[in-house]
Amino acid sequence: MDLRTMTQSLVTLAEDNIAFFSSQGPGETARRLSGVFEGVREQALGLEPALGRLLSVAHLFDLDPETPANGYRSLVHTARCCLAHLLHKSRYVASNRRSIFFRTGHNLAELEAYLAALTQLRALVYYAQRLLVTNQPGGLFFEGDEGLTADFLREYVTLHKGCFYGRCLGFQFTPAIRPFLQTISIGLVSFGEHYKRNETGLSVAASSLFTSGRFAIDPELRGAEFERITQNLDVHFWKAFWNITEIEVLSSLANMASATVRVSRLLSLPPEAFEMPLTADPTLTVTISPPLAHTGPGPVLIRLISYDLREGQDSEELSSLVKSNGQRSLELWPRPQQAPRSRSLVVHFHGGGFVAQTSRSHEPYLKSWAQELGAPIISIDYSLAPEAPFPRALEECFFAYCWAVKHCALLGSTGERICLAGDSAGGNLCFTVALRAAAYGVRVPDGIMAAYPATMLQPAASPSRLLSLMDPLLPLSVLSKCVSAYTGAKTEDHSNSDQKALGMMGLVRRDTAMLLRDFRLGASSWLNSFLELSGRKSQKMSEPTAEPMRRSVSEAALAQPQGPLGTDSLKNLTLRDLSLRGNSETPDTPEMSLSAETLGPSTPSNVDFLLPPEDAGEEAEAKNELSPMDRGLGVSATFPQGFHPRRSSQGPTQMPLYSSPIVKNPFMSPLLAPDSMLKSLPPVHIVACALDPMLDDSVMFARRLRNLDRPVTLQVVEDLPHGFLTLASLCRETRQAAELCVERIRLVLTPPAAPAPAPPPV
């Protein structure tokens, strides 16, 4: 169904429902139902022409006609999903509103939630129009002056977001993903409660399973708490939450469902310099120094994963590098002989926003890769921000890459073909490691596979980044805190000193001892929450009411004097109580162990994001068709007269704008690298998500490489969230997307076919 037909059908149904409920008397329920359908009609009629304008120019921002993907298309698709859901619900109401089984309260709550979502989506579409007329022709990123950029972001973060985290959570994704997102959101808000009490690790995981009853049964309360957490809690909270999968019990459960491999060993590379031959002249060498930034020389941890036990992988030299207190898995059941060394090697950099996770979090799908590719894989456990900001991670990844190239025989590979692979932040490191290898003059990998990479770490808005308003996995405030930590901006450390003394393993042992206690107490709390709800409902049923409509749990909780979270009212919590440690201050640029030749010119003025002249002219013509309001200057002119989006009730957001000049460094934002550096990259294969806030990073990076005649492919998967690789076993769609990544890696590892000999002359 095209957009105009969908809008007309929705408006017709809304008017029919308005007429029906307006004739039902002065009751509160009928009044609210009539009002919500009036709102649906108003927002749909206002949204349809704005979406049409974006659709008319969206093709100008695609990589090519075979890859129709960019942030403008994603916004339109998301709005259509919301309109389609409202259309379905409106039809259901029109067909069942006279039935005695019609659940008035449930349908009203769902309609109100999706109306709020549609209102906010309309605001995002107007923001996208502002980007369209402000950016350079063909550019997807907001390129206004810094003051206008800051104004834009401050205005953007004031929008209400809770409606996207309650009943509407994940409506834009494939249905198989939504139960997982609901589980994550419930776990997140429960984890936030325990985090405030300085509980960590397994005790949180256990307690959260049972103390989240009210969040599970009340989507509105869950959405409000989710919004509060994403806006107010600092990077240390997200680091702790994302690292839950590192706990022994949970990681073991994940590995049970993954492929069984012969080798999974955590190695510690000593911080010793070594020599590497230059590609241009192998008789000359260059010294590869150990990582030095911020913390001085230190070992680099890597995990070796191999489906078969290959020659060299059980050597004494490699065994001497095995980390003593790390996980050791080397299966040596009898076999006729070891497998020969593979011709290929995969070097993997994990994601996690530069602040969280390790190779262990990504081990399940890496084991499958090792089986399918028949090649050993090393995954780098680089140091994480904020304790180790840029360029520490880059230095460690580059050091490990060079070590692997030099010692590939120990890893079970001849090193004939080497592929860099990574997701999200790891994709960023794939590009920057390859750029640094070219700058040093050492061997550049034969290709790169980057899944949903971050290539622009500047605070530049783009159409796809507007989706972070509703994305439960990548909220804008969380992204900004991660990047701010990676750049080295100051963050307060409120972690408990006792926890520091225990360390990670001590915390796990302590939490394991508390597991049974938490299950017992948590189950009791969960049961009490349901009994309390039942008591409220029974009490209300005994009271005469004018309308057969129950009050939601969130309304009941908000009516309590002490607030829904116990003795601390949300309204009375101070910034310190919420552990607000985000800080927009940035220190001096950290000293980097990168030579001037490596850095190269990094001024953004050297970057050309322009389309070819014919596309630029077509877009300029499209801009002229926009109304004077659209062409007006200033953020305040974004919305038409009479339209007012919903604003957040959570107060001002602590969102650092990470404006440090270091974000313009091409080794942090490879999209800003000059042409001379990008020309040194090997073939690049990018797998992106259409609904990912990072989509425009991939599109613009691929366009820059294409304009430089560099080999690049861009595959965009539909209806999946950022981070689908870690969800590879969740459903058919994520498995297919993960298989696409494997196919891209296989293209790199497969040597190009030799040209056919010319036919003999006749």
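Here the structure is a predicted model, which is why all the values come from computation and not from measurement.

Calculation criteria
Residues numbered from 1 in each chain as written. Predicted model: local features only at pLDDT ≥ 70, side-chain atom pairs only at ≥ 80, totals over all residues. Heavy atoms only, no water. UniProt positions renumbered as here; feature names shortened; annotations may be inferred. Helix = DSSP H or I, 4+ residues; strand = E, 2+ residues; numbered from the N terminus. Contact = heavy atoms within 4.5 Å. Buried < 20%, exposed > 50% of the residue type's maximum accessible area, 1.4 Å probe, protein only. Lys, Arg positive; Asp, Glu negative; His and termini not counted. Salt bridge = Lys/Arg side-chain N within 4 Å of Asp/Glu carboxyl O. Polar contact = N/O pair within 3.5 Å; in protein donor to acceptor, adjacent residues only side chain to side chain. Disulfide = S-S within 2.5 Å. Core = buried A, V, L, I, M, F, W, Y, C linked by side-chain atoms within 4.5 Å. Domains from an automatic or database assignment. Pairing = 2+ DSSP bridges. Right-handed = clockwise from strand over helix to strand, strands pointing away. pLDDT = per-residue confidence, 0-100. Expected span 1.5 Å × (residues − 1). Axes fitted to C-alpha atoms, helices over the stretch in contact; angles between N-to-C directions. Parallel < 35°, antiparallel > 145°, perpendicular 65-115°, else oblique. Left-handed = near helix turned anticlockwise from the far one by under 90°. Nonpolar A, V, L, I, M, F, W, Y, C, P; charged D, E, K, R; others polar. Phe/Tyr/Trp six-rings, centres within 6.5 Å; stacked < 30°, edge-to-face > 60°. Lys NZ or Arg CZ within 6 Å of the ring centre and 35° of its normal.

According to UniProt, the positions carrying the feature "active site" (unreviewed entry) are Ser424. Looking at the element boundaries, Ser424 is found in the loop between β8 (413-423) and α15 (425-440). If we ignore the near neighbours within four places in the chain, the residues touching Ser424 are Gly351, Ala451, Tyr452, Pro453, Ala454 and His722.

Let us now look at the side chain of Arg265. On the secondary structure map, Arg265 appears in strand β1 (residues 263-269). Buried within the structure, Arg265 lacks any salt-bridge partner; its nearest side chain of opposite charge belongs to Asp314, at an N-O separation of 6.9 Å. Here the side chain of Arg265 touches Gln313 through a polar contact of 2.8 Å, landing on its backbone oxygen. Among the polar contacts made by the side chain of Arg265, one reaches the side chain of Ser319 at a distance of 3.4 Å.

Attention now moves to the state of the cysteines. Applying the stated criterion to the full structure yields zero disulfides. The structure places no disulfide on Cys163, whose sulfur is separated from the nearest cysteine sulfur, that of Cys168, by 6.1 Å. Assessed through its relative accessible area of 8%, Cys163 is described here as buried. Considering cysteine sulfurs only, Cys430 is the nearest to Cys397, which forms no disulfide, with 8.5 Å between them.

With that out of the way, let us pick up the nonpolar core. Proteins that are soluble and globular tend to have nonpolar side chains buried together. Residues Leu124, Trp369 and Phe724 are the most contacted members of the largest nonpolar core, which totals 209 residues. In terms of residue count, the dominant contributor to this core is helix α4 (residues 104-134) (17 residues). Per-domain counts for this core show at least three residues from each of domain 1 (1-139) and domain 2 (245-324 + 338-477 + 662-749). The residues contacting Phe724, other than those within four sequence positions of it, are Tyr452, Val687, Cys689, Val717, Thr734, Ala737, Ala738 and Cys741.

Moving on, we get to the pairing of strand β10 (residues 684-689). When you tally the buried positions in β10, you get six out of six residues, the bulk of the element. Side chains of β10 alternate between two faces, with Val684, Ile686 and Ala688 and His685, Val687 and Cys689 buried alike. As defined by bridge partners, β10 adjoins strand β11 (residues 712-717) across six bridges and the pair is classed as parallel. Paired with Val687 across the bridge in β11 is Gln715. As a crossover connection, the stretch from β10 through helix α24 (residues 695-707) into β11 is right-handed.

Tallying each qualifying case throughout the model produces 22 salt bridges. When the shortest N-O distance is used, the salt bridge between Lys367 and Glu363 registers 3.7 Å. Separated by four residues within a single helix, Lys367 and Glu363 lie in helix α13 (residues 359-373), roughly one turn from each other. Looking at Glu363, the relative accessible area reads 1%, which means it is buried. Connected through shared salt-bridge partners, Arg417, Arg443 and Asp446 make up one network.

Right, let's talk about the confidence of the model for the protein chain for a bit. For residues with low pLDDT, the predicted coordinates do not support detailed interpretation. Mean pLDDT over the protein chain works out to 79, with 72% of the residues at or above the 70 mark. When the criterion is pLDDT under 50, residues 492-614 qualifies, and its contacts beyond four places in sequence or with other chains add up to 172 contacts. Note that residues 625-633 has pLDDT below 50 and, in this model, 17 contacts with residues that lie over four places away or in other chains.

Here we come to helix α25 (residues 732-749). Here α25 is 18 residues long and its end C-alpha atoms lie 26 Å apart, about the 26 Å a rise of 1.5 Å per residue gives. Listed in full, the buried residues belonging to α25 are Thr734, Ala737, Ala738, Leu740, Cys741, Val742, Arg744, Ile745, Val748 and Leu749. Structurally, α25 contributes buried residues whose contacts are with β6 (342-349), α13, β8, β9 (447-451), β10 and β11.

To continue, consider the packing of helix α3 (residues 71-96) against α4. The interhelical angle for the contact between α3 and α4, taken along N-to-C directions, is 155 degrees, at an axis separation of 10 Å. Relative to α4, α3 is oriented roughly antiparallel. Crossing handedness for the pair α3 and α4: left-handed. Facing Tyr72, Leu75, Thr78, Ala79, Cys82, Leu83, His85, Leu86, Lys89, Tyr92 and Val93 of α3, the residues of α4 in contact are Asn107, Glu110, Leu111, Tyr114, Leu115, Ala117, Leu118, Leu121, Leu124, Ala128, Leu131 and Leu132. Of the residues that constitute the contact of α3 with α4, the class distribution is 18 nonpolar, three polar and two charged.

Below, the discussion takes up the packing of helix α2 (residues 28-58) against α4. Relative to each other, α2 and α4 sit at 25 degrees, their axes nearing to 9 Å. Here α4 runs roughly parallel to α2, going by the angle between their axes. Along this stretch, α2 crosses α4, giving a crossing that reads as left-handed. Residue classes in the contact of α2 with α4 are distributed as 18 nonpolar, seven polar and five charged.

Below, the discussion takes up the side chain of Thr487. You can see Thr487 is positioned in helix α16 (residues 476-487). Only 2.8 Å separates the side chain of Thr487 from the backbone oxygen of Ser484, close enough to count as a polar contact.

Both the distance between ring centres and the angle between the ring planes are used here to describe each pair of aromatic rings. All chains considered together, the criterion is met by 21 aromatic pairs. On the basis of an interplanar angle of 10 degrees and a centroid distance of 3.8 Å, the ring pair of Phe354 and Tyr486 is categorised as stacked. A residue pair is termed long-range when its members are at least 10 positions apart, and Phe354 in the loop between β6 and α13 and Tyr486 in helix α16 qualify at 132 residues. Overall, the relative accessible area of 1% leaves Tyr486 in the buried class. Ring geometry for Phe398 against Tyr440: centres 4.9 Å apart, planes inclined by 45 degrees, an arrangement best described as tilted. Of this pair, Phe398 sits in helix α14 (residues 392-406) while Tyr440 sits in helix α15, and the two are 42 residues apart along the sequence. Judged by relative accessible area, which is 22%, Tyr440 ranks as partly exposed. Residue placement shows Arg97 over the ring face of Phe20; its charged tip is 4.3 Å from the ring centre.

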